[in-house]
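Each chain, letter by letter, is given below.
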Amino acid sequence: MDRFSELCAYFEGRRAVIAFSGGADSALLLEAARRGGEVLAVTAATPLGSERELSDARAFCAARGILHRVVRLDPLELPEVRENRRDRCYHCKKKIFETILKEAAGAPVFDGTNASDVGAYRPGRRALEELGIRSPLLELGFEKPEVVALSEKLGLETAKRPPAPCLATRFPYGTCLSREKLRRVERLEEHLRGMGICACRCRIHGELVRVEVERSAFPLLERDETFPALCHALGFYYVTLDLEGLRSGSMDIGV
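Keep in mind that what you see is a predicted model, and the values were worked out from it rather than measured.

Here is what the cut-offs are and how they apply
Residues numbered from 1 in each chain as written. Predicted model: local features only at pLDDT ≥ 70, side-chain atom pairs only at ≥ 80, totals over all residues. Heavy atoms only, no water. Helix = DSSP H or I, 4+ residues; strand = E, 2+ residues; numbered from the N terminus. Rg over C-alpha atoms; globule rule 2.2 N^0.38 Å. Buried < 20%, exposed > 50% of the residue type's maximum accessible area, 1.4 Å probe, protein only. Areas by Shrake-Rupley, 256 points an atom, 1.4 Å probe, with all protein chains shown as cover. Lys, Arg positive; Asp, Glu negative; His and termini not counted. Charge placed at Lys NZ, Arg CZ, Asp CG, Glu CD. Pairing = 2+ DSSP bridges. Axes fitted to C-alpha atoms, helices over the stretch in contact; angles between N-to-C directions. 1 Å grid on protein atoms, 1.4 Å probe; cavity = no way out; pocket = protein on both sides within 12 Å on 5 of 7 lines; lining within 4 Å. Points joined across faces, edges and corners; volume = space filled by probe spheres on them. Nonpolar A, V, L, I, M, F, W, Y, C, P; charged D, E, K, R; others polar. Polar contact = N/O pair within 3.5 Å; in protein donor to acceptor, adjacent residues only side chain to side chain. Contact = heavy atoms within 4.5 Å. Expected span 1.5 Å × (residues − 1). Arc of directions from axis to C-beta. Phe/Tyr/Trp six-rings, centres within 6.5 Å; stacked < 30°, edge-to-face > 60°.

### Considerations on the overall build of the protein chain
So, point 1. Counting its regular elements, the protein chain contains 11 helices and 7 strands.
So, point 2. Relative to its length of 255 residues, the protein chain is compact, with a C-alpha radius of gyration of 18 Å against a globular reference of 18 Å.
So, point 3. Across its three principal directions, the C-alpha atoms of the protein chain cover 55 × 40 × 35 Å.
So, point 4. A buried classification covers 45% of the 255 residues belonging to the protein chain.
So, point 5. A total accessible area of about 12,100 Å² is found for the protein chain, and carbon and sulfur atoms account for 51% of it.
So, point 6. If you average the places of the 39 positive and of the 38 negative side-chain charges in the protein chain, the two averages end up 2 Å apart.

Below is the structure:
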């Protein structure tokens, strides 16, 4: 049995609810669940995510005839999230998955955590464990490169989609979050994607924007005048390019 068949067999005959973000991990999981049994995809739409991600999730499900529900909620109502505390992700994930569990109406809920996620600082994992959310990719030992390779083999449009962690990760812990701040980050990163820079993070340090992109994109940004102009128009005084390049979890350094 090949690895994707093993993943499909995990869902054989099961009624499954997949927490579907629209990213590569949950997309591979959803595809396997679709082939294995009865499946419902549920996407949580919050101010901490982008409209583009929601649109991608909808398009993926529509193209495959997958039943898809979108639940809207606002984790910023929680002080632990709004104040961007170090355990923000725990409280945010708990609120999101409690909502998804209600939509599941007793069916088991699965998420796309993979085996490569284990070493990173992810307080949200505790919430999933407390709520009984299963993570098949983690249980079966699928690491990120294997997820990407299988997605490419299956022709999934998510195969080369870069990870899109929530917009709260663009701010240092302790920075009070608001819808306005999150939308400004979304505008900046969408502008970069419009320039062809799909893997990017705009980290916000008060009045300064620290841009993380792959080193190969440095020359494009160095020649560009539109992005600094947009930063200034959105109220930022300083625009910097991080010479260390794109680093997942760079706001967690020292945590």
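### Details of the sheet that holds strand E5 (residues 200-205)
So, point 1. Overall, mixed pairing links the 3 strands, which are arranged E5-E6-E7 in an open sheet. What marks the edges here is a single partner per strand, and that holds for E5 and strand E7 (238-241). Adjacent strand axes in the sheet meet at a mean angle of 20°, parallel and antiparallel pairs treated alike.
So, point 2. Where strand E6 (residues 208-213) and E7 come together, 4 bridges link them in parallel fashion.

### Quick look at empty space enclosed by the protein
A probe matching the size of a water molecule, rolled over the atoms, marks out where space remains unfilled.
So, point 1. Evaluated as defined, the whole model comprises 1 cavity of 30 Å³ or more.
So, point 2. Considered as a void within the structure, the largest cavity measures approximately 60 Å³ in volume.
So, point 3. Every residue along the wall of the largest cavity is listed here: Ser50, Arg52, Glu53, Ala164, Pro165, Leu167, Arg170, Glu186, Glu189, Glu190 and Arg193.
So, point 4. With 4 residues, helix H9 (residues 179-194) is the single largest residue contributor to the lining of the largest cavity.
So, point 5. Here the residues of the lining of the largest cavity sort into 3 nonpolar, 1 polar and 7 charged.

### Concerning the side chain of Thr113
So, point 1. With respect to the helices, strands and loops of the structure, Thr113 is situated in the loop between strand E4 (109-110) and helix H6 (124-131).
So, point 2. Given the relative accessible area of 10%, Thr113 is considered buried.
So, point 3. There is a polar contact of 3.4 Å between the side chain of Thr113 and the side chain of Arg125.
So, point 4. Look past the residues within four positions of Thr113 in its chain and what remains in contact with it is Arg125, Leu128, Ser135, Leu137 and Leu138.

### Observations concerning helix H3 (residues 51-64)
So, point 1. Taking 1.5 Å per residue as the helical rise, H3 with its 14 residues ought to reach 20 Å, and the 20 Å between its terminal C-alpha atoms agrees with that figure.
So, point 2. The set of residues buried in H3 consists of Leu54, Ala57, Phe60 and Cys61. What you see down the axis of H3 is that its buried residues fit within an arc of 125°, all on one side. Turned more than 90 degrees from where H3 packs its buried face, Ala62 and Ala63 sit exposed.

### Description of the packing of aromatic side chains
So, point 1. Tallied over the full model, the rule gives 5 aromatic pairs.
So, point 2. Relative to Phe110, the ring of Phe11 has its centre 5.2 Å away and its plane inclined at 80°; by these criteria the two rings are edge-to-face. Of the two residues, Phe11 sits in the loop between helix H1 (3-10) and strand E1 (15-19) while Phe110 sits in strand E4, which places them 99 residues apart along the sequence.
So, point 3. The class for Phe110 is buried, based on a relative accessible area of 1%.
So, point 4. Ring geometry for Phe20 and Phe60: centres 5.4 Å apart, planes at 45°, overall tilted. Within this pair, whereas Phe20 is found in the loop between E1 and helix H2 (24-36), its partner Phe60 is found in helix H3, the two being separated by 40 residues in sequence.

### A short note on the pairing of E5
So, point 1. Extensive coverage of E5 is indicated by the burial of 5 of its 6 residues.
So, point 2. Relative to E6, E5 runs antiparallel, the two sharing 6 bridges. Following the sheet pairing, Cys202 is matched in E6 by Val211.
So, point 3. Hairpin connection, E5 to E6: the antiparallel pair is bridged by 2 residues, and Gly206 has positive phi, about 65°.

### Topic: the side chain of Arg88
So, point 1. Looking at where Arg88 falls in the secondary structure, it is placed in helix H5 (residues 88-104).
So, point 2. Setting aside chain neighbours within four positions, we find Arg88 in contact with Glu80, Val81, Cys166, Ala168, Thr169, Tyr173 and Leu177.

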